[in-house]
Amino acid sequence: MADHVVTLNAGSSSIKFGLFASKPNLPRPVASGQVDGIGADMWFKARHAEDASTTQRDLADMPRGDGHRAAIDVILGWIERSFPDARVAAIGHRVVHGGPDFAGPVLVTPDVLTCLGKLAPLAPLHQPHNLAGIAAATEAFPGVPQVACFDTAFHRGHCFVSDTFALPRRYYEKGIRRYGFHGLSYDYIARRMREIAPLEAAGRMVVAHLGNGASMCAIENGRSVASTMGLTALDGLPMGTRCGQIDPGVLLYLLQHERLPVDAVADLLYEESGLLGLSGVSQDMRELEQSDDPRCREAIDYFVRRIRHELGGFAVTLGGIDAVVFTAGIGEHSALVRAAVLDGLEWLGVVLDAEANARHDQIISTPASRLRVYVVPTDEEAMIADQTIDVAGLARISAAA
Ligand code: ADP
């Protein structure tokens with residue numbers, strides 16, 4: 001039986017999974033899928049990578065109370081039946097917050113779990129569910145190494161100035177820092193860029209991860225130098241429903257003068273703001289692009305304005321840029337957003353190739369452009385599998401196998 005790695009990304013009502021075979025470079029995906037509707041009517045779907053065949057199952061008659069454990073049993077049971085020759089040698093978990101202490105992936109132990117549980121207030125929407133996924137997978141596969149892979153770890157090498165807020169120092173010591181997120185995606189893109197464009201990958205890149213959650217990262221020689229996200233995943237760019245950068249005085253105003261309860265402010269900032277809040281129509285970029293409502297255009301304009309603002313800031317921080325990379329749902333698929341972000345940036349050395357952009361080519365700048373602009377699909381699951389293979393000490397099989 002060949003060693004394989006399972007990746008799990010556990011959210012509040014869904015668990016996404018991947019099954020990977022070990023390879024010398026990035027692991028090879030064998031299957032992927034998810035269970036949705038945890039705590040309600042569950043639904044399973046999966047896809048074989050080799051022939052793109054899919055499986056779907058309605059799990060509505062399963063007991064609801066078992067939550068993540070039931071979902072993980074469904075996933076692991078399907079893997080065992082569908083791939084009888086695959087031995088699950090390790091399980092890699094996406095964990096959104098690693099706090100100040102975890103600068104890389106780690107083997108899960110009871111002490112590690114205690115540390116990660118204390119970070120839940122910093123990522124209330126994700127961390128508790130990530131940890132529930134680890135608990136359920138440990139119960140289901142007690143002898144198998146479980147590895148925690150963090151969204152924050154890629155940014156832990158930041159200098160003090162990139163890592164702090166201008167608050168009294170005691171808060172920095174207490175862990176109130178700019179951690180940054182989407183680190184698994186940026187780590188993957190930095191790796192892919194070493195294959196696609198080694199010169200630029202060794203230089204100064206700005207990567208824009210524009211999905212439902214959105215952030216940007218300044219990368220120098222493969223290392224994160226600065227991120228637009230902060231203590232939580234609220235800061236920086238506006239997102240589907242999150243506000244992004246905001247004057248902290250607004251929060252004081254809402255609390256003191258509008259007398260909003262703290263929970264209502266949290267809902268406002270996490271769930272009702274961003275593209276949805278500005279447009280009043282949708283958080284989905286496809287719908288905003290297609291709408292005639294002027295508020296949708298304004299929401300896109302605000303999104304683009306913030307991206308350009310951060311791009312300019314990172315250009316100065318890095319002392320120049322060699323490549324810009326767009327990734328994630330909007331970055332990979334929205335020619336409109338990419339063109340708007342890069343409009344009029346010839347002074348920065350960017351000349352957009354409009355046709356290549358419309359085709360979503362890998363390179364969307366012209367040969368005359370001093371800095372190159374790339375569209376590179378991200379793959380956070382492959383990164384989790386890769387880190388898990390290393391931490392669990394699994395052998396990498398040869399490229400030919
Ligand atoms: P998540 O953060 O949930 O993983 P994704 O990376 O899947 O998010 O990105 C979701 C976003 O990508 C949504 O706003 C969606 O509208 C947008 N998107 C996906 N496909 C397209 C497209 N063809 N054109 C414009 N936007 C797109």
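From a predicted model like this one, the values you see are computed outputs, not experimental measurements.

## Structural notes on the site of the ligand
- Contacts to the ligand come from 13 residues, most closely from N212, D284, M285, G329 and I330.
- For the ligand, an oxygen atom lies 3.1 Å from a polar atom in the backbone of N212.
- Taking G213, its main chain carries an N or O atom lying 3.4 Å from an oxygen atom of the ligand.
- For the shell around the ligand, the element with the most residues is helix α13 (residues 328-333), which contributes four residues.
- Taken together, the residues that form the shell around the ligand break down as three nonpolar, seven polar and three charged.

## Some words on the sheet that holds strand β2 (residues 15-21)
- Ordered by their spatial adjacency, eight strands build an open sheet running β5-β4-β3-β2-β1-β6-β8-β7, and the pairing between neighbours is mixed. Among the strands making up the open sheet, the edge pair consists of β5 (54-59) and β7 (106-107).
- As paired strands, strand β6 (residues 86-95) and strand β8 (residues 146-150) are joined by five bridges and run parallel to one another. Bridging from a neighbouring strand, G92 pairs with V147 of β8.
- Together, β1 (2-10), β2, β6, β7 and β8 form the strand contacts of helix α16 (residues 380-392), whose direction differs from that of β6 by roughly 115°.

## Some details on empty space enclosed by the protein
- Going through the model one piece at a time under the given rule, you end up with two cavities of 30 Å³ or more.
- By volume, the largest cavity amounts to about 60 Å³.
- Taken together, L122, A123, P124, L125, H126, F181, T232, A233, R242 and Y270 form the lining of the largest cavity.
- Residue classes in the lining of the largest cavity are distributed as seven nonpolar, two polar and one charged.
- Counted as a void, the second largest cavity has a volume near 30 Å³.

## Points about the layout of surface pockets
- Put simply, the largest pocket is a space of about 1600 Å³.
- Around the largest pocket, the lining comprises 49 residues; the ones closest to its centre are N9, K16, R94, E380 and E381.
- Elements represented by at least two residues in the lining of the largest pocket include exactly β1, β2, β3 (28-36), β4 (42-48), α3 (127-140), α9 (262-271), α13 and α16.
- If you tally residues by element for the lining of the largest pocket, the top one is β3, at six residues.

## Describing the nonpolar core
- In terms of nonpolar packing, the biggest core is built from 42 residues, with L210, F303, L311, F326 and V337 touching the most fellow members.
- Secondary structure elements with two or more residues in this core: β9 (204-210), β10 (214-220), α11 (285-290), α12 (294-318), β12 (323-327), α14 (335-342) and β13 (372-375).
- At ten residues, the largest contribution of residues to this core is made by α12.
- Residues within four places of L210 in sequence aside, it is in contact with S215, L237, F303, I307, F326, T327, A328, G329, I330, G331 and V337.
- Formed by 32 residues, the second largest nonpolar core is a distinct cluster that contains V35, I79, V88 and A137.

Rules of the game
- Residues numbered from 1 in each chain as written.
- Predicted model: local features only at pLDDT ≥ 70, side-chain atom pairs only at ≥ 80, totals over all residues.
- Heavy atoms only, no water.
- Near = heavy atom within 4 Å.
- Polar contact = N/O pair within 3.5 Å; in protein donor to acceptor, adjacent residues only side chain to side chain.
- Helix = DSSP H or I, 4+ residues; strand = E, 2+ residues; numbered from the N terminus.
- Nonpolar A, V, L, I, M, F, W, Y, C, P; charged D, E, K, R; others polar.
- Pairing = 2+ DSSP bridges.
- Contact = heavy atoms within 4.5 Å.
- Axes fitted to C-alpha atoms, helices over the stretch in contact; angles between N-to-C directions.
- 1 Å grid on protein atoms, 1.4 Å probe; cavity = no way out; pocket = protein on both sides within 12 Å on 5 of 7 lines; lining within 4 Å.
- Points joined across faces, edges and corners; volume = space filled by probe spheres on them.
- Core = buried A, V, L, I, M, F, W, Y, C linked by side-chain atoms within 4.5 Å.
- Buried < 20%, exposed > 50% of the residue type's maximum accessible area, 1.4 Å probe, protein only.

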